[in-house]
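Fold and geometry: a report
In case you want the letters, here they are:
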Amino acid sequence: QVQLVESGGGLVQAGGSLRLSCAVSGRTFSSYGMGWFRQAPGKEREFVAAVNWSGRTTYYADSVKGRFTISRDNANNTVFLQMNTLKPEDTAVYYCAARQLGNARVTREDYDYWGQGTQVTVSS
């Protein structure tokens, strides 16, 4: 059973930064494609960023491009989301997701495992 545990969320002022982490159990983390999604109250869960198994290929939603960076540490089974220049509209629960295939994807349905989420709140 693959488990994903997010951490690093919190309350931050607009313009600030946060770094989310997602620890993944299992011996095959280095073969997974990984993604971050977010869901604001009353809205659908949306794609934020994705990275392939090697870390060489990344994708970003237009709304976060240039501000957020996804990365991974295969030696420690962890994926990160560095969030800079945060805006109030970034407020959401952020979810980490893993897919058994190693390529990066931007669609929720392409992911096999999900974490419980971590709250990010950006005040104006």
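The present account deals with the structure reproduced in this document. (Residues numbered from 1 in each chain as written. Predicted model: local features only at pLDDT ≥ 70, side-chain atom pairs only at ≥ 80, totals over all residues. Heavy atoms only, no water.)

To continue, consider the overall build of the protein. Looking only at helices and strands, the protein features zero helices and eleven strands. Along its sequence from the N terminus, the protein presents helices and strands in the succession β-β-β-β-β-β-β-β-β-β-β. At 13 Å, the protein has a C-alpha radius of gyration in line with the 14 Å of a compact globule built from 124 residues. A principal-axis box enclosing the C-alpha atoms of the protein has dimensions of 40 × 25 × 25 Å. Residue burial in the protein is summarised as follows: out of 124 residues, 42% are buried. The contacts in the protein between residues at least 6 apart in sequence include a share of 59% that link residues at least 24 apart. Taken as a whole, the protein presents about 6400 Å² of accessible surface, with 45% of it coming from carbon and sulfur. For the protein, the centre of its 13 positive side-chain charges and the centre of its 10 negative side-chain charges are spaced 5 Å apart. (Helix = DSSP H or I, 4+ residues; strand = E, 2+ residues; numbered from the N terminus. Rg over C-alpha atoms; globule rule 2.2 N^0.38 Å. Buried < 20%, exposed > 50% of the residue type's maximum accessible area, 1.4 Å probe, protein only. Contact = heavy atoms within 4.5 Å. Areas by Shrake-Rupley, 256 points an atom, 1.4 Å probe, with all protein chains shown as cover. Lys, Arg positive; Asp, Glu negative; His and termini not counted. Charge placed at Lys NZ, Arg CZ, Asp CG, Glu CD.)

Another aspect to go through is the state of the cysteines. For the coordinates displayed, the defined rule picks out one disulfide. Residue C22 pairs covalently with C96 via a disulfide, S to S 2.2 Å. Taking the torsion about the sulfur-sulfur bond, which here is approximately -85°, the covalent link between C22 and C96 counts as left-handed. With C22 in strand β3 (residues 18–24) and C96 in strand β9 (residues 92–99), the pair connects residues that are 74 residues apart, well separated along the chain. On the basis of relative accessibility, which here comes to 0%, the residue C22 falls in the buried class. Residue C96 is classed as buried on the basis of its relative accessible area, which comes to 0%. (Disulfide = S-S within 2.5 Å.)

Let us look at the nonpolar core. Within the largest apolar cluster, 34 residues are counted, with the highest numbers of intra-cluster contacts made by M34, W36, V79, L81, M83 and Y94. Contributions of two or more residues to this core are made by β3, β4 (33–39), β5 (46–51), β7 (68–73), β8 (78–83), β9 and β11 (118–123). (Core = buried A, V, L, I, M, F, W, Y, C linked by side-chain atoms within 4.5 Å.)

Despite not being glycine, N77 has its phi angle at roughly 50°, a positive value. Positive phi values are uncommon outside glycine, yet T85 reaches one of about 50°. Looking at where T85 falls in the secondary structure, it is placed in the loop between β8 and β9.

Next up on the list: the environment of G117. Note on placement: G117 falls in the loop between β10 (113–114) and β11. Through-space distance from the C-alpha of G117 to that of E44 is 14 Å; in sequence the pair is 73 residues apart. With sequence-adjacent residues up to four places away left out, G117 is seen in contact with E6, V93, Y94 and Y95.

As enumerated under the stated definition, the model contains five aromatic pairs in all. Centre to centre, the rings of F37 and F47 are 5.7 Å apart; their planes meet at 75°, and the pair counts as edge-to-face. Within this pair, whereas F37 is found in strand β4, its partner F47 is found in strand β5, the two being separated by ten residues in sequence. Among the residues examined, F37 registers a relative accessible area of 0% and is labelled buried. When its relative accessible area of 14% is taken as the criterion, F47 is described as buried. Here the aromatic cluster, defined as three or more aromatic residues joined through ring pairs, consists of F37, F47, Y111 and W114. The lysine or arginine in question, R45, covers the ring of W114, its NZ or CZ lying 5.0 Å from the ring centre. (Phe/Tyr/Trp six-rings, centres within 6.5 Å; stacked < 30°, edge-to-face > 60°. Lys NZ or Arg CZ within 6 Å of the ring centre and 35° of its normal.)

These figures capture arrangement, not role.
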